[in-house]
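Here is what each chain is made of, one letter per residue.
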Amino acid sequence: MNPTLPLGQARRAALGAQGLARGRPAVPGARSVERTVARLQLLQIDSVNVLARSHYLPLFSRLGPYDTAALDALATKSPRKMVEYWAHEASYIRPELFADLRTVQRRTWMRAHSLDPELKKQLSDRILRVLGEGPPLTAREIAAHLGDAQAGDREHWGWNWKASKRVLEDLFASGVLSTAGRTPQFERKYALTADVHPAGAAALEPTDPQGAVLRLTEQAARAHGIGTVRCLADYFRLPQRETAEAVKTLVERAVLRPVQVPGWKSPAYLHTDTVIPRASAARALLSPFDSMVFERKRLQDLFGFRYRIEIYTPPAARRYGYYVLPFLLGEEFAARVDLKADRSNKALLVQAAHREEGSPGHTAVELAAELRMMADWLGLDDVIVKPAGDLATDLKLAVSRE
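Residues numbered from 1 in each chain as written. Predicted model: local features only at pLDDT ≥ 70, side-chain atom pairs only at ≥ 80, totals over all residues. Heavy atoms only, no water.

In the annotation of an unreviewed UniProt entry, the entry for the protein chain reads Winged helix DNA-binding domain-containing protein, and the organism field reads Arthrobacter jiangjiafuii.

### Quick look at the overall build of the protein chain
Looking only at helices and strands, one finds 16 helices and 13 strands in the protein chain. Principal-axis analysis of the C-alpha atoms gives the protein chain an extent of 70 × 60 × 40 Å. For the protein chain, the proportion of its 402 residues judged to be buried stands at 55%. Pairs at least 24 residues apart make up 65% of the contacts formed inside the protein chain by residues separated by at least 6 positions. Approximately 18,300 Å² of the protein chain is accessible, and the part contributed by carbon and sulfur atoms is 50%. (Helix = DSSP H or I, 4+ residues; strand = E, 2+ residues; numbered from the N terminus. Buried < 20%, exposed > 50% of the residue type's maximum accessible area, 1.4 Å probe, protein only. Contact = heavy atoms within 4.5 Å. Areas by Shrake-Rupley, 256 points an atom, 1.4 Å probe, with all protein chains shown as cover.)

### Digging into the pattern of salt bridges
According to the stated counting rule, one finds 25 salt bridges in the structure shown. Here Asp125 ties to Lys121 by a salt bridge, and the two come within 2.9 Å at their closest N and O atoms. Of the two residues, Asp125 and Lys121 are both situated in helix α6 (residues 117-133); the distance of four residues between them amounts to about one turn of the helix. Here Asp234 makes a salt bridge to Arg237, at a shortest N to O gap of 3.2 Å. What makes Asp234 buried here is its relative accessible area of 16%. (Salt bridge = Lys/Arg side-chain N within 4 Å of Asp/Glu carboxyl O.)

### Overview of the pairing of strand β12 (residues 347-355)
In terms of burial, β12 is a largely internal element, seven of the nine residues being buried. Inspection of the sheet shows strand β11 (residues 332-342) paired to β12 by eight bridges, in the antiparallel sense. Its bridge partner being in β12, Asp338 is matched across the sheet by Ala352. Hairpin connection between β11 and β12: a loop of four residues separates the two successive antiparallel strands, and Lys346 in this loop has a positive phi of roughly 55°. Across four bridges, the pairing between β12 and strand β13 (residues 382-385) is parallel. Looking at the pairing, Val350 lines up with Val385 of β13. For the segment spanning β12, helix α15 (residues 363-377) and β13, crossover handedness is right-handed. (Pairing = 2+ DSSP bridges. Right-handed = clockwise from strand over helix to strand, strands pointing away.)

Put into structure tokens, the structure is as follows:
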């Protein structure tokens, strides 16, 4: 029988590994930003900007009001400490992960397989030539370049924006292209991977698939602190069968320690470097794309917190709202709030606020303080709580006292 790890310790192991258990630094500088990125391994990217770009939020959750320019610099200034690639989903990742992720990722849906092979090859060659000879470009800029070059032969080519974008995505998925950054409109600025990755052309050298899964599983376990095979596979979207084999190897090497967590049906694995805090000082609103809430079953097993993203749910069928952030307090999820940044009126809107069963009596006060801090960080002057949800009345009163 594997040793039993009490649920409370499992919770704190997870929160500690994700950098959520400790208090925030007094002044979150560039070094704190870099250390947090290294701890998390990745930051998921999403185009929804109803509150803030999703990759900015996990660092606010852990550091408080930091300068987002420090995070941007990690992905845009050489030597880069973050590069863009597919991981859990589209993500900024540590450059050291790129070669292994390139080996194991199989994102076939965005590839250009259905294009005419000759068209695909000619477009690919021309895109690589344009980027090899000039600065990074957006998809629109590249389409304009190619359109200008073929203006007299457009019917023969039969391609349009969608075709060129599909080839760009194909080259990005294959790892040949990366990004030099993003525009203010959040468009990728495509560049040759060899030109932006700190390792240069060496980043494109193939790695052994089995070794890649082993290394990525170990990094997922380090970022998780504790998790099942399913949890560890999900972090970088690895195949579960290969992840299970990697876990066996890591157990044999004493990198992972199997434990039994009460209420968990599957065996759990604790990374041997995981430090279990005695208590959690967490007070954080978590993005729907935060790595702490990636794996929904793990979240429910650890905290009894059932969470679903309802962005793509029809409005009438939503239970909690559109862009709902869980509120972590101590070592439990105490509430959830549907937030929107009303930039024209400089207000943070709480569209709905719901408490969790058994949440502490001071939840509204702590949440109000967190919302005020977030509003200040986003450059918003006011926090407005709308009368929706069973926490709204208490929260509105607490906000008025901030």
